[in-house]
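A structural walkthrough
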Amino acid sequence: MATNQRRTNGTGGAARSGSANSARARAALQKRKKKRRIIIFAIEIVIILIMLGVLYVVMNVSNEGPKFTVIDPSEVVPSEIQQAKDEGESAMLGYMNIALFGVDATNEKQIEKNSRTDTIMIASINMDTGDIKLVSVYRDTYLNIGTDTYTKCNAAYAKGGPQQAIKMLNMNLDLDIENFVTVGYNALMDVIDGLGGIYVEVKENEIVHLNNYQRSIVAQWKYGVKLDDYTVSEKDFEVVKSSDYTPVTEAGYQLLNGLQATAYCRIRYVGNDYKRTERQRTVLKAIQDQAKKADLKSLTDVFNKVVKQVYTSLDQKDMLELLGKIADYRIAEEAGFPQLEQLTTGNIGASGNCIVPQDLVSNVEWLHQFLFEDEEYQVTSTVIECSEKIKKDTAQYLGQ
């Protein structure tokens, strides 16, 4: 009996040991899966330009984090908006709203200021559900740029960096944005190349512009020749060598490299700025799809390469708060501002060709309904003043 008992105990011990090993293996697998999810999330947020810093804070996979600055909420959030939040009367409670800027910067200093924002997005994150809604603000929209000067909204970042650009968004749209992430297009190219490219449907009438933008990007970033979109000619491209880029030669669903995809994002001559922002969101989603297929090493390498090209106000507390719902994050809906049905275009004097909200008030009401499901939102006095000023400034040019 004793022998049998010992054998039984031995078998049980082996079983327990095997069970423990299995449990450790499962735990290690879960840890690797979680690690991969974190990196994928960081890459997805690079796409939507949110929070590469999450990976830096949680995993410390890089010796250097993103460029960091502090935004003073009292300087950028309108008092009426802050008061409503303090009194618990704002539908924005429970959301984290982040400004996402893509700038055409050729050096590290220009990512901080003196660079116009080719991409302006608002990422509104429902902290209860993890749903992310993206709104592209058309860069040529005629708005108050935060200093009671009215012109194209992409001038705000060039004049006063992210703080003024955030103030511009909050002032005109009744938002409470306190944080931002800025990246240059170099980071976008590095992400896409690090993932092995992305798949995009290229239309026949987009090919010539896509290739021209490739040459324009190379001319500016490799040779220091800045080209004006409106006056570019074949002679301007002479500095660019044929080996500097790979032309897209046919339409259809195809694999684009980083330079090709970035050039695709910048096309504005097929469908104007509305279609341009749609292309930008298409590329973000394509990166998201590709990131989900990538292995852990590839994702980590991408992160380490681009993290230093990011400028942000998100601190460790913000990042950890975002990380809390990491498994639930998804891009739920997307839109453009102003609404196509509520805008017009025209040459507005010194500001040039602009997108003009026909009525800023109704556009802001729609925005709050879209982002926060606030069906009865009433705009602040600031938005009313901005709306009236926009109508007054543009009436003579639009024949109103």
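Residues numbered from 1 in each chain as written. Predicted model: local features only at pLDDT ≥ 70, side-chain atom pairs only at ≥ 80, totals over all residues. Heavy atoms only, no water.

1. Description of the pattern of salt bridges
Applicable threshold: Definition used for salt bridges: Asp or Glu carboxyl oxygen within 4 Å of a side-chain nitrogen of Lys or Arg. Going along the chain from the N terminus, every DSSP run of H or I of four or more residues is numbered as a helix, and every run of E of two or more is numbered as a strand. The cut-offs for exposure are 20% and 50% of the maximum accessible area for each residue type, with area from a 1.4 Å probe on protein chains only; residues under the lower value are buried, those over the upper are exposed, and the others partly exposed.
Counted according to the given criterion, the structure contains 13 salt bridges. A salt bridge links D140 to R268; the shortest N-O distance between them is 2.7 Å. Here D140, found in the loop between β4 (131-137) and β5 (142-144), pairs with R268, found in the loop between α8 (258-266) and α9 (272-293); they are 128 residues apart in sequence, far enough to count as distant. Classification of R268 as buried rests on a relative accessible area of 10%. A salt bridge links D244 to K222; its shortest N-O distance comes to 2.7 Å. Of this pair, D244 sits in the loop between α7 (207-223) and β9 (252-256) while K222 sits in helix α7; the two residues are 22 residues apart in sequence, bridging distant segments of the chain.

2. Quick word on the pairing of strand β8 (residues 198-202)
Rule in force here: One bridge is not enough; two strands pair if DSSP finds at least two bridges between them.
In β8, alternate side chains face the same way, and those of I198, V200 and V202 are buried while those of Y199 and E201 on the opposite face are not. As paired strands, β8 and β9 are joined by five bridges and run antiparallel to one another. Each bridged residue has a counterpart across the sheet, and for V202 the counterpart in β9 is G252.

3. Topic: helix α5 (residues 155-173)
Which entries qualify depends on this criterion: In this scheme, a helix's expected span is set at 1.5 Å multiplied by one less than its residue total. Two axes are fitted around each residue, one to the seven residues ending there and one to the seven starting there, and the angle between them is reported as the bend at that residue.
With 19 residues, α5 extends just 17 Å between its outermost C-alpha atoms, more than 12% less than the 27 Å of an ideal straight helix rising 1.5 Å per residue. At G161, α5 shows its strongest bend, of approximately 135 degrees, with the proline P162 following within four residues. Counting buried positions over the 19 residues of α5 gives 15, a clear majority of the element. Downstream of α5 by one or two residues, D174 has phi in the positive range, about 55 degrees.

4. Quick look at the packing of aromatic side chains
Working definition: an aromatic ring pair is given by the centre-to-centre distance plus the angle between the planes. We count it as follows: In this analysis, rings of Phe, Tyr and Trp, with Trp reduced to its six-membered ring, are considered paired at centre separations within 6.5 Å, and the interplanar angle assigns stacked below 30 degrees, edge-to-face beyond 60, and tilted for intermediate values.
This model, assessed by the stated rule, comprises seven aromatic pairs. Ring plane angle 75 degrees and centroid distance 5.0 Å describe the contact between Y95 and F372, whose orientation is recorded as edge-to-face. A residue pair is termed long-range when its members are at least 10 positions apart, and Y95 in strand β2 (residues 95-103) and F372 in helix α12 (residues 360-372) qualify at 277 residues. Residue classification places Y95 among the buried residues on the basis of a relative accessible area of 18%. Judged by relative accessible area, which is 5%, F372 ranks as buried. Note on F101 and F180: the rings are 6.5 Å apart at their centroids and 40 degrees apart in plane angle, and the pair reads as tilted. Of this pair, F101 sits in strand β2 while F180 is found in strand β7 (residues 179-184), placing the two residues 79 residues apart along the sequence. F101 gets classed as buried once you look at its relative accessible area, which sits at 0%. Members of the aromatic cluster, connected to one another through ring pairs, are F101, Y157, F180 and Y311.

5. Focus on the confidence of the model for the protein
Threshold: In predicted models, pLDDT denotes the confidence assigned by the predictor to each residue on a 0 to 100 scale. We call two residues contacting when some pair of their heavy atoms lies within 4.5 Å.
Confidence along the protein averages 81 in pLDDT terms, with 76% of residues attaining 70 or more. Predicted confidence is poor over residues 1-11, with pLDDT under 50, and the contacts of this stretch with residues over four places away or in other chains come to one contact. Confidence drops under pLDDT 50 across residues 33-62; counting only partners more than four residues distant or on other chains, this segment forms 96 contacts.

6. Let's talk about the side chain of E206
Summarising the element assignment, E206 is placed in the loop between β8 and α7. Those residues within four positions of E206 in sequence are excluded, and the remaining contacts are E201, Y264, I267, V270 and R279.

7. Quick word on the sheet that holds β7
Heads up, the rule is: Lines fitted to C-alpha atoms define the axes, with helix axes restricted to the stretch in contact, and inter-axis angles between N-to-C directions lie between 0 and 180 degrees.
Pairing is mixed across the open sheet formed by seven strands, whose spatial order is β1-β10-β7-β2-β3-β4-β11. Of all the strands in the sheet, the pair left with one neighbour each is β1 (67-68) and β11 (330-337). Taken together, the five bridges between strand β3 (residues 117-126) and β4 define a ladder with antiparallel strand orientation. For I122, the partnering residue across the bridge sits in β4 and is V135. Lying over the sheet, α5 contacts β2, β3, β4, β7, β10 (310-312) and β11, oriented at roughly 140 degrees with respect to β2. Strands in contact with α12 are β2, β3, β4 and β11; relative to β11, the strand with the most contacts, it is inclined by about 175 degrees.

8. Remarks on unusual backbone geometry
Of note, the bond from F337 into P338 is cis; its omega dihedral lies within 30 degrees of zero at -5 degrees. Relative to the elements of secondary structure, P338 occurs in the loop between β11 and β12 (343-347). Notably, D148 is not glycine yet its phi reads approximately 65 degrees, a positive angle. For D148, the location among the structural elements is in the loop between β5 and β6 (150-152). Assessed through its relative accessible area of 62%, D148 is described here as exposed. One non-glycine residue, D174, lies in the positive phi region at around 55 degrees. Relative to the helices and strands, D174 resides in the loop between α5 and β7.

9. Some points on the nonpolar core
Short version of the rule: For this analysis, a nonpolar core means a set of buried residues of the types Ala, Val, Leu, Ile, Met, Phe, Trp, Tyr and Cys, connected via side-chain atoms within 4.5 Å.
Core analysis: the biggest nonpolar cluster contains 51 residues, and F101, L169, L173 and F337 have the highest contact counts within it. In terms of residue count, α5 provides more of this core than any other element does, nine residues in total. Residues in contact with L173, not counting those within four places in the same chain, are I122, V137, F337, V364, L367 and H368. One finds M96, M121, I267 and A291 within the second-largest nonpolar core, a separate group that totals 50 residues.

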